[in-house]
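Residue-level structure breakdown
Chain residues, written in single-letter form:
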Amino acid sequence: MKIMQIAPEERLPNLLQDAERYGYPNLMVNLPRYRCPHCGEYTVFSVPEPNASPIPAGIRAQFDALTDRRSPYEQGVSDFLCRVCAVPVRVVYQINEFQMASYRYFAEAVFETAT
Ligand SMILES: [Zn+2]
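Predicted model only: the values in this text are computed from it and were never measured.

As enumerated under the stated definition, the model contains six salt bridges in all. Of the charged contacts in the structure, one is a salt bridge between arginine 83 and glutamate 41, with a shortest N-O distance of 3.5 Å. Separated by 42 residues along the polypeptide, arginine 83 in the loop between strand E5 (75–81) and strand E6 (88–99) and glutamate 41 in the loop between strand E3 (33–35) and strand E4 (42–44) bring together distant segments of the chain. With a shortest N-O distance of 2.7 Å, aspartate 64 and arginine 90 are connected by a salt bridge. In this pair, aspartate 64 sits in helix H3 (residues 57–66) while arginine 90 sits in strand E6, placing the two residues 26 residues apart along the sequence. Overall, the relative accessible area of 2% leaves arginine 90 in the buried class.

Right, dumping it as structure tokens:
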């Protein structure tokens with residue numbers, strides 16, 4: 001299966017409006033949304049990452065090979081499936097602790113299967 005790396009603003013429509021509102025490019029606030037290029041529908045996903053990835057192991061291994069993993073304190077991934085057509089998606093984000101135990105999450109990359 002061919003995997004594509006996509007710029008976050010191409011798939012996460014809240015990023016641009018949130019950047020304007022909060023003054024940080026690529027900041028993900030509550031309930032970020034992903035727009036699926038296969039079916040055109042939106043899926044809400046959560047950060048920080050849920051415990052178990054719903055992505056099949058073979059595709060997850062391909063995503064892992066392309067994800068430049070850093071410390072889990074600096075970077076997270078959210079794996080989810082499009083809620084309509086179930087294509088696997090990974091959003092990679094930077095974790096920034098801006099106060100004690102208060103975090104901001106900045107989208108870095110989106111991985112998905114080719115259309
Ligand atoms: Zn879809």
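Let's shift gears to helix H2 (residues 14–22). Those residues of H2 not exposed but buried are Asn14, Leu15 and Asp18. Down the axis of H2, the smallest arc covering the buried residues is 90°, so these residues share one side. Exposed side of H2, more than 90 degrees from the buried face: Leu16 and Glu20 are the residues found there. On the buried face of H2, the contacting elements are helix H1 (8–11), strand E2 (27–28), E3 and strand E7 (102–113).

A few words now on the coordination of the zinc ion. Distances from the zinc ion to its protein donors, Cys36 (SG), Cys39 (SG), Cys82 (SG) and Cys85 (SG), fall at 2.3 Å. Its four donor atoms give the zinc ion angles of 103 to 118° at the centre, a pattern that matches the tetrahedral case. On the primary sequence, the residues serving as donors to the zinc ion are separated as C-x2-C-x42-C-x2-C. When its relative accessible area of 30% is taken as the criterion, cysteine 39 is described as partly exposed.

Rules of the game
- Residues numbered from 1 in each chain as written.
- Predicted model: local features only at pLDDT ≥ 70, side-chain atom pairs only at ≥ 80, totals over all residues.
- Heavy atoms only, no water.
- Salt bridge = Lys/Arg side-chain N within 4 Å of Asp/Glu carboxyl O.
- Helix = DSSP H or I, 4+ residues; strand = E, 2+ residues; numbered from the N terminus.
- Buried < 20%, exposed > 50% of the residue type's maximum accessible area, 1.4 Å probe, protein only.
- Arc of directions from axis to C-beta.
- Contact = heavy atoms within 4.5 Å.
- Donors = N, O, S within 2.8 Å, 3.2 Å for Na, K, Ca; no water.
- Tetrahedral: all angles 85-135°; square planar, octahedral: opposite > 155°, others 65-115°.

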